[in-house]
Amino acid sequence: MSSEPMPFEDSRRLTGINLYFAGTGAVLETLGVPPDEALVRAWRKQVSLARDALGWPHAPLFERQHVGGAALAFEAPVDQLYSATELNEWAWLATLADASAVNVGLHAPGHPATWDNDSAFHTLRAFVAAERRPELLALVRAAGARGIAALADEDALSIGEGIGSRVWPISELPIVTAVDWPSLHDIPVAVVTGSNGKTTTVRLLAAMASAHGWHAGHSCTDGVFIDGQAIDTGDFSGPAGAREVLRQPTVEAAILETARGGILRRGLAVQRANVAVVTNVSDDHFGEYGIHNLDDLTEVKLTVARVLAHDGLLVLNADDAMLVKHAETIVVPLAWFSLDDTHRLLLAHRERGGSTCGVRDGHLCLFHQGIDHDLGIVADMPLSFVGSATYNVANISAAALAATALGIPADTIGKVLARFGSTHADNPGRLQHWKFGQLQIFVDYAHNPEGLRGLLGVAMSAGSSGRLGLVLGQAGNREDAEIRELASVAASFNPQRVVLKDIEGMLRGRQPGDVTDILRAELLRQAMPADTIVDSLDEIDAVRGLLNWAQDGDLLVLPTHGTQARHAVVALLDQLQKTDWLAGTPLP
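Quick summary incoming for the structure in this document. (Residues numbered from 1 in each chain as written. Predicted model: local features only at pLDDT ≥ 70, side-chain atom pairs only at ≥ 80, totals over all residues. Heavy atoms only, no water.)

Describing unusual backbone geometry
Phi at leucine 431 is positive, roughly 50°, even though this residue is not glycine. Residue position: leucine 431 is located in the loop between helix H12 (410–419) and strand S19 (432–436). For asparagine 494, which is not glycine, the phi dihedral falls at a positive 55°. Positionally, asparagine 494 belongs in the loop between helix H14 (480–492) and strand S22 (497–500). (Helix = DSSP H or I, 4+ residues; strand = E, 2+ residues; numbered from the N terminus.)

In structure tokens:
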């Protein structure tokens with residue numbers, strides 16, 4: 001690595017509340033070693049000069065150092081975010097040019113033009129003039145003054161949420177006085193983040209909202225859903241999915257999966273929420289956007305606390321050491337869940353009148369507003385897999401706390417917990433289970449080491465007496481160490497067959513076979529026999545190959561990630577079940 005900072009790795013708009021500040025703006029990721037104090041001070045000076053030239057207010061500047069460089073961020077008006085990225089890039093490149101006495105262009109290293117301040121500011125003013133939309137700013141400010149959400153993107157502005165919303169194309173914005181303000185209002189909103197369990201928690205919470213009588217909308221890694229029906233498919237766990245739900249005119253409550261990537265790339269779509277959930281934090285996605293360790297990742301997840309009003313509730317996992325550590329700096333109201341209702345944090349929190357949820361004597365116990373509620377026997381809740389899926393018990397507890405924060409009665413929560421997960425349609429792609437004679441098959445999204453460990457633990461508890469077969473793959477945007485850890489977890493369960501796959505659409509910069517090469521090397525290092533490891537880069541072929549290998553009494557675990565692949569795998573297994581297929585007979 002060079003001993004001097006490189007220009008920059010990434011420059012982007014922040015369209016909502018984010019890791020750095022509670023507003024809109026721009027962030028630039030420097031490349032190379034972290035810049036020293038003198039360079040950061042010079043960048044601050046350049047930004048200030050440019051903002052003076054543009055007439056922008058002097059909001060705070062933010063600098064976050066990490067092992068791969070630094071994030072340099074500042075707030076900017078919502079109608080001038082592209083201009084803000086140009087300003088940030090110029091400020092950083094001008095800083096490096098001054099430091100190294102080389103000419104640097106406005107847009108990128110190697111640009112043939114040399115920009116003095118006057119020329120740069122002239123160009124930036126032109127960018128601002130082309131982008132400026134005073135009518136957008138006026139509407140956003142008017143909505144804020146009335147306590148109503150305003151969500152803007154490149155194409156549209158919406159004011160209010162769900163049934164209380166109105167959407168206008170950006171090119172056809174009304175004047176403030178033409179808006180029917182009394183018809184606009186917000187709706188109950190929950191946001192859910194974490195390393196594992198987000199989608200399950202979102203689906204469960206949406207089912208509770210529907211049982212309460214609301215037309216519920218939710219977004220997740222599988223798509224956007226209204227009253228359980230898909231209106232869009234794909235990964236909608238970022239701001240685009242949240243906006244799509246919140247702009248649906250029939251939605252009366254919104255449950256929004258909020259992934260790490262969306263928070264870092266753009267910030268949160270929502271400006272306020274009634275409740276936010278952080279399910280857990282585990283090793284995943286290190287190396288992207290300056291996030292290199294669990295402390296960094298925990299800070300990102302806890303960005304959701306910024307959207308909670310004074311009467312909102314942040315639901316946290318008391319069994320997660322990183323969340324417990326970082327909660328000490330959180331100022332919003334907290335609720336805690338745990339697998340043990342006598343956890344010291346839960347006991348202390350109840351003493352102070354706080355809300356908790358945990359397992360006591362085999363029952364799920366919810367404490368809220370000074371009242372204890374018995375939500376039922378955990379082992380009888382389908383999602384718990386007779387109590388063995390402890391990670392789902394945690395998801396259940398988190399959803400129960402979030403539901404009660406939304407005003408859903410405990411009786412309704414308990415009734416949903418007693419049935420949700422009893423059919424594959426309730427939670428597709430998450431801990432789905434099939435039996436063919438004595439052969440047992442599990443399909444799940446498990447996408448990181450902690451998720452795979454939990455899935456394999458549940459599968460092994462199912463009582464199979466035969467061999468363990470496993471499909472194994474990983475997205476390409478994980479660091480090599482994370483990929484190796486995934487293989488290490490797999491090897492620790494002593495599978496007799498591992499089929500290595502690529503994940504279609506998730507190579508993310510790597511070449512086909514790159515990830516499987518890392519997985520294989522680690523499996524061999526963990527002393528797995530070479531003849532137990534098979535390559536089948538296509539996800540569907542990998543599953544079919546394992547089914548052909550299976551014998552009666554075996555256990556197959558199929559972490560399936562691509563949406564199309566999962567649908568195909570589930571359809572295949574459902575078809576096999578209808579035709580009474582048994583291991584050892586030909587596949588259709």
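Considerations on the pattern of salt bridges
One pass over the full model with this rule turns up 26 salt bridges. Aspartate 222 is the partner of arginine 430 in a salt bridge, and the nearest nitrogen-oxygen pair spans 4.0 Å. With arginine 430 in the loop between H12 and S19 and aspartate 222 in the loop between strand S9 (216–220) and strand S10 (223–226), the pair connects residues that are 208 residues apart, well separated along the chain. A relative accessible area of 9% places arginine 430 in the buried class. For aspartate 222, a relative accessible area of 8% puts it in the buried group. Shared partners join several salt bridges into a network, and the residues in it are Arg203, Asp222, Arg430 and Arg566. (Salt bridge = Lys/Arg side-chain N within 4 Å of Asp/Glu carboxyl O. Buried < 20%, exposed > 50% of the residue type's maximum accessible area, 1.4 Å probe, protein only.)

A closer look at the sheet that holds strand S23 (residues 533–535)
In space, the six strands of this open sheet follow the order S19-S20-S24-S21-S22-S23, with mixed pairing throughout. Strands with a single pairing partner mark the edges of an open sheet, and in this sheet they are S19 and S23. Strand-to-strand, the axes of this sheet are offset by a mean angle of 15°, without reference to chain direction. Where strand S21 (residues 468–472) and strand S24 (residues 555–559) come together, three bridges link them in parallel fashion. Within S24, the residue paired with leucine 470 across the bridge is valine 557. On top of the sheet, helix H13 (residues 449–460) reaches strand S20 (439–444), S21 and S24; it is set at about 155° to S24, its chief contact. (Pairing = 2+ DSSP bridges. Axes fitted to C-alpha atoms, helices over the stretch in contact; angles between N-to-C directions. Contact = heavy atoms within 4.5 Å.)

A word on the side chain of serine 355
Structurally, serine 355 can be placed in strand S16 (residues 355–360). Side-chain polar atoms of serine 355 contact the side chain of histidine 368, separated by 2.6 Å. Once residues lying within four places of it in the same chain are set aside, the contact partners of serine 355 are Ala335, Trp336, His349, Phe367, His368, Gln369 and Leu401. (Polar contact = N/O pair within 3.5 Å; in protein donor to acceptor, adjacent residues only side chain to side chain.)

The values are spatial; any link to function lies outside them.
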